[in-house]
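# Overview (structure and organization)
As a plain string of letters, each chain reads:
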Amino acid sequence: MPFGLCTALATFTRMLNEILRPLYAKYPGMFRHYMDDCIIMTEPGQKELHEEICHMFFDLLEQHQLFLKPAKCESSKLRWTISEFALRKEN
C-alpha cells in the first residue's frame, strides 16, 4: 500500500476480494477474510479438503506477489480472536 493512502483498508479489502474470487467461487462458505485476517473453515476429518484450500490460497497470494508473516500464522485451532471477536468451534 502506498504510504499515506487514506482508504488503505478499503483498497486492501477490494484487492483481496478480487484476488481470492476463485477461492470464494469454488469453496463457498469455507473461506472468509476480514481486514487482514484470513480464515479457512472446514469440518474435522476434512484434512485433504483443508489442505487443498490452503494450497489454492497460497498459490493465489504467490501469483499476486503477496506474502504472509509466518509469526502471525496459526493453524488447527478451535478458538480464534479476530478484531476483538472470539470465534470457537462448538461441539
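Structure: see above.
Residues numbered from 1 in each chain as written. Predicted model: local features only at pLDDT ≥ 70, side-chain atom pairs only at ≥ 80, totals over all residues. Heavy atoms only, no water.

Turning to the overall build of the protein, a few remarks are in order. From N to C terminus, the protein includes three helices and four strands. Its helices and strands in sequence order give the protein the pattern α-α-β-β-α-β-β, from N to C terminus. Residues counted as buried form 16% of the 91 residues belonging to the protein. For the protein, restricting intrachain contacts to residue pairs at least 6 apart in sequence, the fraction spanning at least 24 positions comes to 36%. (Helix = DSSP H or I, 4+ residues; strand = E, 2+ residues; numbered from the N terminus. Buried < 20%, exposed > 50% of the residue type's maximum accessible area, 1.4 Å probe, protein only. Contact = heavy atoms within 4.5 Å.)

The next subject is the environment of L16. Its location among the elements puts L16 in helix α1 (residues 8–19). With relative accessibility at 3%, the residue L16 sits in the buried group. Separated by 19 residues in sequence, L16 and M35 have C-alpha atoms that sit 9.3 Å apart. When neighbours within four sequence positions are excluded, L16 is seen to be in contact with H33, M35 and C38.

Bridge count for strand β1 (residues 31–34) against strand β2 (residues 37–40) is four bridges, and the pairing is antiparallel. Residue Y34 lies in a different strand from β2, and its bridge partner there is D37. Hairpin geometry of β1 and β2 is characterised by an intervening segment of two residues between the two adjacent antiparallel strands and by a positive phi of about 55 degrees at M35. (Pairing = 2+ DSSP bridges.)

This part takes up the nonpolar core. Counting residues in each nonpolar core, the largest one holds twelve residues, listed as L16, I19, L20, L23, Y27, F31, I40, I53, C54, F57, L60 and L61. Contributions of two or more residues to this core are made by α1 and α3 (47–63). For this core, the element with the most residues is α3, which contributes five residues. (Core = buried A, V, L, I, M, F, W, Y, C linked by side-chain atoms within 4.5 Å.)

Turning to the pattern of salt bridges, a few remarks are in order. Going through the model one piece at a time under the given rule, you end up with three salt bridges. Between E18 and R21 there is a salt bridge whose closest N-O contact spans 2.3 Å. Taking the relative accessible area as the measure of exposure, R21 reaches 48% and is therefore partly exposed. A salt bridge links K26 to E52; its shortest N-O distance comes to 3.7 Å. Residue K26 is located in helix α2 (residues 21–26), and its partner E52 is located in helix α3; the two are separated by 26 residues in the primary sequence. Among the residues examined, E52 registers a relative accessible area of 37% and is labelled partly exposed. (Salt bridge = Lys/Arg side-chain N within 4 Å of Asp/Glu carboxyl O.)

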